Amino acid sequence: MNHLDPAELRARNQARLRRGMYLLPSCFTAGNIALGFYSILQTMEAITHDAQSHLDWAAIAIIFAIPFDALDGRIARMTNTESDFGKELDSLADAITFGVAPALLAFIWGFHFLPDSINPQLRQHLVQAGAFICFLFLLSGVSRLARFNISHDPLPRNPGRPGRKYFVGMPIPAAAGLLAATVHFFNAYPVEAWWFAIAWLVLVGLCGFLMVSTWRFWSAKEINLSRRHPFQLPVLLAAIAYVVLRYSGVFLFLWALTYMFSGIWARAAYSWSRRRRTKPSDTELPNPAAETDPLRPS
C-alpha cells in the first residue's frame, strides 16, 4: 500500500474541496436562470388569461433574480472558485433573465393589450415600434454582456473618483430591473393609453442606449462582504427588507429610477465641469488696449 506524503495528501484534499465549492456559485446562477424561465412562462400565460396577475409575477421574478446574479460572482471570488466556465454560464444566464425575459415582458405589458378602440393605424404603429424597440433592448443587453466579457478594467468616458471602480454603461440587471419595477409599480395592469405606450417606448429605448453607452455607473464593488461590519448592520438590513417587502412597488421603482438617472447626471456633470475647465478665463483674453498700434508713432 502506497503511503502519500502529508503535504501531497493535504494538496489533494484542498483540490477536492476546491472542485466541490464550484457548485455553490453555480447554484446561484442556476437560480438566476430558473427565475428568468419562470418570468417568460408567466408572460406567455398573461396573453391568454389573467394578464395582470401573471405579468406581476413575471416582473417580480426578474427583480428576485438580481440578488442571485449579484451573489454568484461575489461568492465565487470569496471562496476562490472563479472559473471561465462560471463566467460564461453567468453571461448566458443574464442574457436569458435580464435580456429575453424583460424584453418580452416590456412588449406584452406595454403594447400587446392596447385596445382596438384607439386609432387602428396608430395602434399598429405602436405595436410595431414596440416590438422593434424591445428587440433593440435585447440586442443592447447582449452586446453589453459581450463587451463586459472581453474588457479588462475598462474606464468610462467620464471617469469618476480615483481608485473607485465603475461599470462602463448601465449593467443589464439594472436595466431589466427598471423595466420590471415599472411594471410592478403600476400593479402590472396592461397599458391601454396610447400616450403611456409612447412614454414606455421612450423608457425602454433609453435603457437600451444606456447599456451600450460608455457612461459610468456605480458598481458597488467597494462593498466587501468578507470584512467585519458593525453588529447593528443586520438590524438595518432587516429594516430595509421590511420596507422593500411592504412598499415594494414604490421603493423598487424609485430605487431603479434613481440609479438610472445617477448615470445620466454623472455624465451631464462631467460634461459641464469639462467645459468650465476648458473655457478661457477673463485674464487669458487679449487686451485690446495693450496691443501695439502699427500706425501709432513710437
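Residues numbered from 1 in each chain as written. Predicted model: local features only at pLDDT ≥ 70, side-chain atom pairs only at ≥ 80, totals over all residues. Heavy atoms only, no water.

**A closer look at the environment of Leu35**
Spelled out, the test is: By definition, any uninterrupted DSSP run of H or I lasting at least four residues is a helix, any uninterrupted run of E lasting at least two residues is a strand, and each is numbered from the N terminus. Between two residues, a contact is recorded if the distance between any of their heavy atoms is within 4.5 Å.
Residue placement: Leu35 occurs in helix H2 (residues 23–48). Between the alpha carbons of Leu35 and Ile60 there is a distance of 9.2 Å; along the sequence they are 25 residues apart. The contacts of Leu35, once residues within four sequence positions are left out, are Ala61, Phe64, Ala65 and Phe68.

**Focus: unusual backbone geometry**
A negative phi angle characterises most non-glycine residues, just as the trans form characterises most peptide bonds. Phi is positive for Asp50, close to 50°, though the residue is something other than glycine. If you check the backbone angles, Asn187 has positive phi at about 60° while not being a glycine. Within the secondary structure, Asn187 sits in the loop between helix H6 (172–185) and helix H7 (194–212).

**Some points on the side chain of Asp94**
Put simply, the rule reads: Working definition: with a 1.4 Å probe on protein chains only, accessible area under 20% of the residue-type maximum means buried, over 50% means exposed, and in between means partly exposed. We treat Lys and Arg as the positive residues and Asp and Glu as the negative residues; His and chain ends play no part in the count. Should a side-chain nitrogen of Lys or Arg be within 4 Å of a carboxyl oxygen of Asp or Glu, the pair is scored as a salt bridge. Polar contacts, as used here, are pairs of N or O atoms within 3.5 Å; protein pairs need one atom able to donate a hydrogen and one able to accept it. Residues neighboring in sequence count only if both atoms are side-chain atoms.
Within the secondary structure, Asp94 sits in helix H4 (residues 84–112). The side chain of Asp94 sits in the buried core without any salt bridge; Arg144 is the nearest counter-charge, 8.5 Å away. There is a polar contact of 3.1 Å between the side chain of Asp94 and the side chain of Asn32. In this structure Asp94 touches Asn32, Asp69, Gly99, Leu145 and Ile172, once residues within four positions along its chain are discounted.

**With respect to the confidence of the model for the chain**
Our working rule: What pLDDT expresses is the predictor's confidence in each residue, scored from 0 to 100.
On average, residues of the chain score 83 in pLDDT, and 80% of them are at 70 or above. In this model residues 17–21 is a low-confidence stretch, pLDDT under 50, and it forms four contacts with partners more than four residues away in sequence or in other chains.

**Let's talk about a nonpolar patch on the surface**
Applicable threshold: Patch construction takes residues with relative accessible area above 30% that form no salt bridge. Like charges are linked within 9 Å, and nonpolar side chains (Val, Leu, Ile, Met, Phe, Trp, Tyr) are linked within 5 Å. Where accessible areas are quoted, they stem from the Shrake-Rupley method and a 1.4 Å probe; at the residue level, only the protein chains shown are allowed to cover.
On the surface, Phe132, Phe135, Leu136, Leu139 and Val142 cluster together into a nonpolar patch covering about 420 Å² of accessible area. Mapped onto the elements of the fold, Leu139 is located in helix H5 (residues 120–150). Here Leu139 falls in the partly exposed class, since its relative accessible area comes to 41%.

**Thoughts on H2**
Rules: Take the number of residues in a helix, subtract one, and multiply by 1.5 Å to get its expected span.
Between its first and last C-alpha, H2 extends 38 Å over 26 residues, near the 38 Å set by a 1.5 Å rise per residue. Trailing H2 by a residue or two, Asp50 shows a phi angle of about 50°, which is positive.

**Quick notes on helix H3 (residues 51–78)**
With 28 residues, H3 should cover 40 Å at 1.5 Å per step; its first-to-last C-alpha distance of 41 Å lies within 8% of that length. One or two steps after H3, the chain reaches Asn80, where phi turns positive at roughly 55°.

**Structural notes on the nonpolar core**
The following threshold applies: Only buried Ala, Val, Leu, Ile, Met, Phe, Trp, Tyr and Cys residues count toward a nonpolar core, and they belong to the same one when joined by side-chain atoms within 4.5 Å.
If you look at the biggest cluster of nonpolar residues, it comprises 56 residues, and the most contacted ones within it are Leu55, Phe137, Met170, Trp200 and Cys207. Leave out the neighbours within four places in its chain, and Phe137 touches Phe98, Gly99, Pro102, Ala103, Ala175, Ala176, Leu179, Val204, Cys207, Gly208 and Met211.

**Thoughts on the pattern of salt bridges**
The full count for this structure, using the stated rule, is one salt bridge. When the shortest N-O distance is used, the salt bridge between Asp116 and Arg123 registers 3.6 Å.

**Details of the packing of aromatic side chains**
Condition: Two rings from Phe, Tyr or Trp (for Trp, the six-membered ring) form a pair when their centres are within 6.5 Å of each other. A pair whose planes differ by under 30 degrees is stacked, one over 60 is edge-to-face, and the rest are tilted. Whether a charge lies above a ring is judged from NZ of Lys or CZ of Arg, which has to be within 6 Å of the ring centre and within 35 degrees of the ring normal.
Applying the stated criterion to the full structure yields 12 aromatic pairs. These aromatic residues form a ring-pair network of at least three members: Trp109, Phe185, Phe186, Trp195, Phe196, Trp200 and Phe253. Sitting over the ring of Tyr247, Arg246 keeps its end group 5.1 Å from the ring centre.

**Observations regarding the side chain of Asp69**
By the secondary structure assignment, Asp69 is in helix H3. Not counting the four nearest positions on each side in its chain, Asp69 is found in contact with Asn32, Asp90, Asp94, Phe98 and Pro173.

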